[in-house]
Amino acid sequence: MTGAALCAVLAVIVAGWLVRDIRAVDAGELWRYWAGYREARPRAMAATAPLDAGLLVVYVVATVAALRSSVAATALVATGVITLAVRLPGLWGISSSRMETLFSDDLRSRALICVFVALAAGIALLITAGAGRRPPAGSYERLPSRPGPGASVTAFLMLGAAGAVLIAWEIRQAVRYPEIYPEWYVGGDRVPQGVIDPPPGWGTAALALLCLVAAASALFHAVHARPFGLVAAALLLPGGAAGVARIVHYDLLDDFGSLPTETQLMLLSWIFELVAGLVVLIALAPGGLADVPGPYGPGQGPGYGPPDSGPPGYGPTPYPGQRPPAPGYGYPQGSGGFGPPPPPSQPPPGW
């Protein structure tokens, strides 16, 4: 319940800033600004970025998961980690001279309060998830799930490639525009950003690292692979959708062959970012294999086999490759009276 309340607080904060932008900028103009249209002319400076739309979805889903699931600790950890990563630069960025020029003192004060609350909530989510870890109370209690083999391979390939693409573009950015560093990562007068959002380089690096961690977790079928992978996919979608919207708006694919190679790679990166996010969501959203402690491994062990399976004499269907019990052994079939018949005097051969 505590984790759900913390996620709800984070969702309310992001939703409040999105509502502020829609009222001050207009929804259509805000989307054009997010997508990077050259003709976008918002009436006021937007305080949010496409990243906030993805965060809102993450917080809402995490709230529902914490309310309905007894194994939401890994989802709370993923939510807390990404919250700390994207809100930390607000501690020094909101008071910069560029922010003083673009936003009023009242708006910056509210933004700073929201950053402190978000950071406190992110830390509290990690503490809540750690305090909630305990062994299952019984066989009836639901266990955490790991992604299945197919979902793991898909998430590893897609998220690993997405993280590598993001890092490659960051390297290219550093080589081509070295004059904007270190402001690209820590904020400054030459780098555009929302009042509550991290600098572009910081946000991209955090997302790339999240993608790589989620990809490695999926490769090893870790319990936290599903929540981290779903969060990474949800945060990939807004940037990919904005890039694809820009491609469609300017009909960039019509003259794709005549574009410079770097521009072609950029367009393909936007498309891949959107596709990777959708594919990972589809692959990891269904439940995976239950995490069974002990010698059985994920998805195996007592209680996880077919309902009609069991030792010979206890069910209609023996395990594959096992011979049926020899005549005269096991429980008699069709005996009269009430209750189960008595057990055999000695075990069957081979037991």
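In this text, all values refer to a predicted model and were calculated from it rather than measured experimentally. (Residues numbered from 1 in each chain as written. Predicted model: local features only at pLDDT ≥ 70, side-chain atom pairs only at ≥ 80, totals over all residues. Heavy atoms only, no water.)

Below, the discussion takes up the overall build of the protein. The helix and strand tally for the protein stands at twelve helices and two strands. For the protein, the α and β elements follow one another from N to C terminus as α-α-α-α-α-α-α-β-α-α-α-α-α-β. Sorting the 351 residues of the protein into buried and exposed places 38% on the buried side. Partitioning the contacts of the protein with sequence separation of at least 6, the portion at a separation of at least 24 is 70%. In the structure as shown, the protein presents an accessible area of about 18,600 Å², 66% of it carried by carbon and sulfur atoms. (Helix = DSSP H or I, 4+ residues; strand = E, 2+ residues; numbered from the N terminus. Buried < 20%, exposed > 50% of the residue type's maximum accessible area, 1.4 Å probe, protein only. Contact = heavy atoms within 4.5 Å. Areas by Shrake-Rupley, 256 points an atom, 1.4 Å probe, with all protein chains shown as cover.)

Before going further, it helps to spend a moment on the packing of helix 2 (residues 27–35) against helix 11 (residues 225–249). In the contact formed by helix 2 and helix 11, the axes pass within 8 Å of each other and the chain directions differ by 95°. Taken together, the axes of helix 2 and helix 11 lie roughly perpendicular to each other. Where helix 2 approaches helix 11, its residues Trp31, Trp34 and Ala35 are matched on the opposing element by Ala241, Ala242, Ala245 and Arg246. The residue inventory of the contact of helix 2 with helix 11, partitioned by class, reads six nonpolar, no polar and one charged. (Axes fitted to C-alpha atoms, helices over the stretch in contact; angles between N-to-C directions. Parallel < 35°, antiparallel > 145°, perpendicular 65-115°, else oblique. Nonpolar A, V, L, I, M, F, W, Y, C, P; charged D, E, K, R; others polar.)

The next point concerns the side chain of Glu170. Within the secondary structure, Glu170 sits in helix 8 (residues 149–176). Excluding residues that lie within four positions of it along the chain, Glu170 makes contacts with Tyr181, Trp184, Tyr185, Gly201 and Thr204.

A cluster of nonpolar side chains, namely Leu88, Leu91, Trp92, Leu112, Phe116 and Val186, defines an oily patch on the protein surface of about 480 Å² accessible area. Elements that contribute at least two residues to the nonpolar patch include exactly helix 5 (90–93) and helix 7 (105–131). Along the polypeptide, Phe116 turns up in helix 7. Its relative accessible area of 49% is what places Phe116 among the partly exposed residues. (Patch = residues over 30% accessible without salt bridge, like charges linked within 9 Å, V, L, I, M, F, W, Y side chains within 5 Å. Salt bridge = Lys/Arg side-chain N within 4 Å of Asp/Glu carboxyl O.)

All told, the structure shown has three aromatic pairs when counted by the stated rule. Taken together, a centroid distance of 6.0 Å and an interplanar angle of 80° make the contact between Tyr37 and Tyr250 edge-to-face. Placement of Tyr37 in the loop between helix 2 and helix 3 (50–68) and of Tyr250 in the loop between helix 11 and helix 12 (261–284) is noted, with a sequence separation of 213 residues between them. Its relative accessible area of 11% is what places Tyr37 among the buried residues. Overall, Tyr250 belongs to the partly exposed group, its relative accessible area being 21%. Considering the side-chain rings of Tyr181 and Tyr185, the 5.6 Å spacing of their centres and the 45° angle between planes classify their relative orientation as tilted. (Phe/Tyr/Trp six-rings, centres within 6.5 Å; stacked < 30°, edge-to-face > 60°.)

Ile82, Leu159, Leu210, Val231, Leu235 and Leu236 are the most contacted members of the largest nonpolar core, which has 46 residues in total. If we ignore the near neighbours within four places in the chain, the residues touching Leu210 are Ile82, Phe228, Val231, Ala232 and Leu235. Membership of the second largest hydrophobic core comes to 13 residues, among which are Met99, Leu107, Leu119 and Val195. (Core = buried A, V, L, I, M, F, W, Y, C linked by side-chain atoms within 4.5 Å.)

Here we come to the pattern of salt bridges. Under the defined criterion, the tally for this structure stands at nine salt bridges. A salt bridge links Asp21 to Arg20, with the nearest nitrogen and oxygen atoms 2.7 Å apart. The buried category is assigned to Asp21, whose relative accessible area is 0%. For Arg20, a relative accessible area of 21% gives the class partly exposed. Note that Glu29 is salt-bridged to Arg32, the shortest N-O span being 2.7 Å. Residue Glu29 and its partner Arg32 are both found in helix 2; the two are separated by three residues, about one turn of the helix. Classification of Arg32 as partly exposed rests on a relative accessible area of 30%. Taken together, the shared-partner salt bridges connect Asp52, Arg87 and Asp197 into one network.

Looking at the protein as a whole, the pLDDT averages 82, with 77% of positions reaching at least 70. Looking at the elements of the protein, mean pLDDT is at its lowest for strand 2 (residues 289–290), recorded as 56, and at its highest for helix 12, recorded as 96. Note on residues 137–141: pLDDT under 50 across the span, and three contacts to partners over four residues away in sequence or across chains. Within the model, pLDDT remains below 50 along residues 292–351, and this stretch shows 40 contacts once partners closer than five positions in the same chain are excluded. (pLDDT = per-residue confidence, 0-100.)

What follows covers the environment of Pro227. Looking at the element boundaries, Pro227 is found in helix 11. Taking the C-alpha atoms as reference points, Pro227 and Thr79, 148 residues apart in sequence, are found 8.5 Å from one another. Once residues lying within four places of it in the same chain are set aside, the contact partners of Pro227 are Thr74, Ala75 and Ala78.

The terminal C-alpha atoms of helix 4 (residues 73–87) lie 21 Å apart, and with 15 residues this matches the ideal 21 Å at 1.5 Å per residue to within 8%. Taken together, the buried positions of helix 4 are occupied by Ala75, Leu76, Ala78, Thr79, Gly80, Ile82, Thr83, Val86 and Arg87. Looking at the packing, one finds that the buried side of helix 4 touches helix 1 (2–25), helix 3, helix 5, helix 7, helix 10 (200–219) and helix 11. (Expected span 1.5 Å × (residues − 1).)

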